[in-house]
Amino acid sequence: MSDASSTTPQPDADATSADPVIAMRAVEAELTARWPETQLEPSLDRITALMDILGQPQRAYPSIHITGTNGKTSTARMIEQLLRHFELRTGRYTSPHVESVTERISLDGEPISPELFVHTYRDIEPYIGMVDAAQPIRMSFFEILTGMAYAAFAEAPVDVAVVEVGMGGSWDATNVIEAPVAVITPISLDHTDKLGDTPGEIAGEKSGIIKKGALAVVAQQPLDAAEVILRRAVENDAVVAREGMEFGVVHRDVAVGGQLLTLRGISGHEYTEVFIPLHGAHQAQNAALALAAVEGFFGVGAAHEQPLDLDKVRAAFSGVSSPGRLEVVRRSPTIVLDAAHNPAGARVTADAIGESFGFTRLIGVIGTSGDKDSSGLLEALEPVLAEVVITQNSTQRATSIDRLAEQAVDIFGSDRVLVETRLDDAIDAAVTLAEEEGDLGGSGVLVTGSIITVGEARILLSRNRR
């Protein structure tokens with residue numbers, strides 16, 4: 001790819017900037033000027049054309065492909081950790097990002113550098129132009145980032161890629177890989193305008209990542225979704241490993257800073273005393289999915305019956321992180337960030353908060369995206385929040401603050417709702433409310449509603465710590 005030919009244009013001034021972050025932001029601006037992730041034309045034509053011109057970089061390494069409604073990124077990070085502890089070089093592609101766009105493309109567990117981000121884009125930029133010229137619709141922000149990830153992984157090169165879909169599965173831009181392992185996390189209602197109105201309809205799109213002869217590692221699902229997934233697997237002669245049957249969580253105990261698990265793999269072997277520094281039953285479920293996926297990737301339970309090395313499994317899970325997922329970023333009062341953005345995710349968050357944190361008074365800071373079921377999210381969180389501060393993030397996708405406030409008043413009552421237009425003011429107001437209780441050890445603040453809101457809060461709070 002780097003031997004493009006004499007037709008390759010020289011990099012713009014931003015690409016040779018002395019400050020790589022400035023150069024990266026210039027590239028990001030070019031990308032965001034295109035169709036955003038939320039604007040879709042269901043087709044693999046453009047990404048397929050780019051892969052063809054680049055020489056099929058996505059086929060230079062095997063992949064593990066992950067879809068579902070919630071838990072995809074955490075599961076991807078766990079899979080990556082396990083693979084790295086078995087001495088494989090990894091590439092990970094996830095979305096959306098929390099703070100920086102470079103987080104979406106990781107090598108060996110770390111986001112690529114701004115320099116590599118710029119280099120990768122400029123390297124394939126002329127070919128993007130060729131695809132744009134040949135297609136009725138220009139390549140989108142997400143399609144180009146997907147192409148960049150696959151190109152960067154091939155150039156590294158990686159031993160295996162861990163790839164999270166952006167939306168759906170069948171027509172998602174990531175779905176030009178032939179992954180031997182497909183992982184489907186729990187499916188619930190989200191993006192109903194694009195994916196379908198029932199879990200079964202949504203599963204029809206998401207199960208599109210299951211390829212011929214692959215292993216499908218499937219979380220517990222609503223009945224209609226499970227039936228669709230199994231039908232797709234049969235059509236593709238895929239082997240299915242189902243949570244609660246072929247693998248799963250045998251036992252878990254809440255522990256300081258996380259939880260202690262016993263997991264059963266698809267080999268039938270139990271992996272005991274596995275600590276993960278993450279909260280909630282959903283993260284235990286994600287750990288079981290990740291372990292089963294990696295066992296399947298290595299042929300455990302099929303080619304041979306020997307389980308994975310327990311010490312390596314324990315070491316991998318003990319080092320897992322998932323920024324913005326029940327992440328504690330401050331104490332006195334405790335501030336927790338969580339990227340729940342739909343009702344199913346919010347219910348999981350509420351359960352985990354109740355189980356893992358001893359809050360006597362919890363204040364919510366909530367800013368959602370306009371295309372989400374904000375009312376359902378608020379209803380799910382109401383039982384665990386004493387009061388809520390309604391706000392908005394800085395993007396055009398943010399839910400109108402007036403509309404969100406009206407929904408909050410309907411659910412919480414006017415005496416439990418405060419409105420602050422700016423996110424920093426909202427966090428300050430929530431901290432003040434939490435401190436009014438007097439017992440800071442039992443008071444806390446939960447910032448949630450959107451990964452964009454959480455990312456902006458993370459940046460604000462990290463600045464305050466410096």
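Preceding block: the structure.
Draft legend 1. Main features of the pattern of salt bridges. The full count for this structure, using the stated rule, is 16 salt bridges. Between Glu 125 and Arg 122 there is a salt bridge, with the nearest N and O atoms lying 3.1 Å from each other. You can see Glu 125 and its partner Arg 122 sitting in helix α4 (residues 114-134), three residues apart, about one turn around the helix. Between Arg 422 and Asp 424 there is a salt bridge; the shortest N-O distance is 2.5 Å. With a relative accessible area of 24%, Asp 424 lands in the partly exposed category.

Draft legend 2. Spotlight on the sheet that holds strand β9 (residues 248-255). On the basis of which strands lie adjacent, the open sheet formed by three strands has the order β9-β10-β11 and antiparallel pairing. Each having just a single partner strand, β9 and β11 (270-276) make up the two edges of the open sheet. Recorded for the sheet is a direction-independent mean angle of 20° between the axes of neighbouring strands. Across five bridges, strand β10 (residues 258-264) lies against β11 in antiparallel orientation. Within β11, the position partnered with Leu 261 by the bridge is Val 274. Where helix α9 (residues 281-298) meets the sheet, it contacts β9, β10 and β11, and its direction lies at approximately 40° from that of β10.

Draft legend 3. Representation of the packing of aromatic side chains within the structure. Overall, the coordinates contain five aromatic pairs when judged by the stated rule. A ring pair is formed by Phe 357 and Phe 359, whose centres lie 5.3 Å apart and whose planes are at 5°; its orientation type is stacked. A residue is classified by how much of its surface remains accessible, and Phe 357, at 12% relative accessible area, is buried. Put simply, the rings of Phe 86, Phe 297 and Phe 298 touch in pairs and so form one group of aromatic residues.

Draft legend 4. Structural detail: the pairing of strand β14 (residues 361-366). Among the six residues that make up β14, six are buried, leaving the element largely enclosed by the rest of the structure. Side chains Arg 361, Ile 363 and Val 365 project from β14 onto one buried face, and the interleaved Leu 362, Gly 364 and Ile 366 project onto a second face that is buried too. Pairing of β14 with strand β17 (residues 443-448), which is carried by six bridges, proceeds in the parallel orientation. Residue pairing in the sheet places Leu 362 in a bridge with Gly 444 of β17. In this sheet, strand β15 (residues 387-390) lies alongside β14 in parallel orientation, the contact comprising four bridges. Of the residues in β15, the one forming a bridge with Val 365 is Val 389. Viewed along the sheet, the connection from β14 through helix α12 (residues 374-381) into β15 turns out right-handed.

Draft legend 5. Geometry of the packing of helix α11 (residues 343-356) against α12. Here α11 crosses α12 at 15°, and the two axes come no closer than 8 Å. The orientation of α11 with respect to α12, classified from their angle, is roughly parallel. Seen from above, α11 lies across α12 with right-handed handedness. Taking contact as the criterion, the partners of Pro 343, Ala 346, Arg 347, Thr 349 and Ala 350 in α11 are, on α12, Gly 376, Leu 377, Ala 380 and Leu 381.

Draft legend 6. Just the sheet that holds β17, in detail. Spatial strand order, β12-β13-β17-β14-β15-β16: six strands in an open sheet with mixed pairing. Since the sheet does not close on itself, it has two edges, and those belong to β12 (327-330) and β16 (417-419), each with one partner. The mean angle between the axes of side-by-side strands here comes to 25°, regardless of whether they run parallel or antiparallel. Contacts from α12 reach β14, β15 and β17, with the element oriented near 170° to β14.

Draft legend 7. Main features of the environment of Arg 34. Checked against the element boundaries, Arg 34 lands in the loop between α1 (20-32) and α2 (45-54). Note on Arg 34: relative accessible area 10%, which makes it buried. In this structure, the C-alpha to C-alpha distance between Arg 34 and Arg 59, residues 25 residues apart in sequence, is 27 Å. The residues contacting Arg 34, other than those within four sequence positions of it, are Ile 128, Asp 132, Arg 138, Met 139, Ser 140, Phe 141 and Ile 144. Side-chain polar atoms of Arg 34 contact the backbone oxygen of Met 139, separated by 2.9 Å.

Draft legend 8. Spotlight on the nonpolar core. In terms of nonpolar packing, the biggest core is built from 40 residues, with Leu 31, Leu 50, Phe 117, Met 148 and Phe 153 touching the most fellow members. Elements that contribute at least two residues to this core include exactly α1, α2, β3 (105-107), α4, α5 (141-155) and β5 (160-164). The dominant element in this core, judged by the number of residues it contributes, is α5, at 10 residues. Residues in contact with Phe 117, not counting those within four places in the same chain, are Met 24, Val 27, Leu 31, Val 101, Thr 102, Ile 112, Leu 145 and Met 148. If you look at the next biggest cluster of nonpolar residues, it comprises 38 residues, including Ile 66, Met 78, Leu 289 and Ala 316.

Draft legend 9. Seen up close, unusual backbone geometry. Cis geometry is found at the peptide bond from Ala 156 to Pro 157, where omega equals -15°. For the bond from Ser 332 to Pro 333, the omega torsion is -10°, close enough to zero to count as cis. Here Pro 333 lies in the loop between β12 and β13 (334-337). For Gln 56, which is not glycine, the phi dihedral falls at a positive 60°. Positive phi outside glycine occurs at Ser 332, with the angle close to 55°.

Draft legend 10. How the structure looks around α9. In this model α9 runs 26 Å from its N-terminal to its C-terminal C-alpha over 18 residues, within 8% of the 26 Å that 1.5 Å per residue would give. Judged by how many residues are buried, α9 sits mostly within the fold: 14 of 18 residues are covered. Residue Gly 299 follows α9 closely and has a positive phi angle near 85°.

Draft legend 11. Structural context of the environment of Leu 83. Inspection of the secondary structure assignment puts Leu 83 in helix α3 (residues 72-85). Note on Leu 83: relative accessible area 0%, which makes it buried. On a C-alpha basis, the gap between Leu 83 and Ser 414 in space is 50 Å, while along the polypeptide they are 331 residues apart. The contacts of Leu 83, once residues within four sequence positions are left out, are Ile 64, Leu 88, Thr 90, Val 160, Val 162, Val 294, Phe 297 and Phe 298.

Criteria and cut-off values
Residues numbered from 1 in each chain as written. Predicted model: local features only at pLDDT ≥ 70, side-chain atom pairs only at ≥ 80, totals over all residues. Heavy atoms only, no water. Salt bridge = Lys/Arg side-chain N within 4 Å of Asp/Glu carboxyl O. Helix = DSSP H or I, 4+ residues; strand = E, 2+ residues; numbered from the N terminus. Buried < 20%, exposed > 50% of the residue type's maximum accessible area, 1.4 Å probe, protein only. Pairing = 2+ DSSP bridges. Axes fitted to C-alpha atoms, helices over the stretch in contact; angles between N-to-C directions. Contact = heavy atoms within 4.5 Å. Phe/Tyr/Trp six-rings, centres within 6.5 Å; stacked < 30°, edge-to-face > 60°. Right-handed = clockwise from strand over helix to strand, strands pointing away. Parallel < 35°, antiparallel > 145°, perpendicular 65-115°, else oblique. Left-handed = near helix turned anticlockwise from the far one by under 90°. Polar contact = N/O pair within 3.5 Å; in protein donor to acceptor, adjacent residues only side chain to side chain. Core = buried A, V, L, I, M, F, W, Y, C linked by side-chain atoms within 4.5 Å. Expected span 1.5 Å × (residues − 1).

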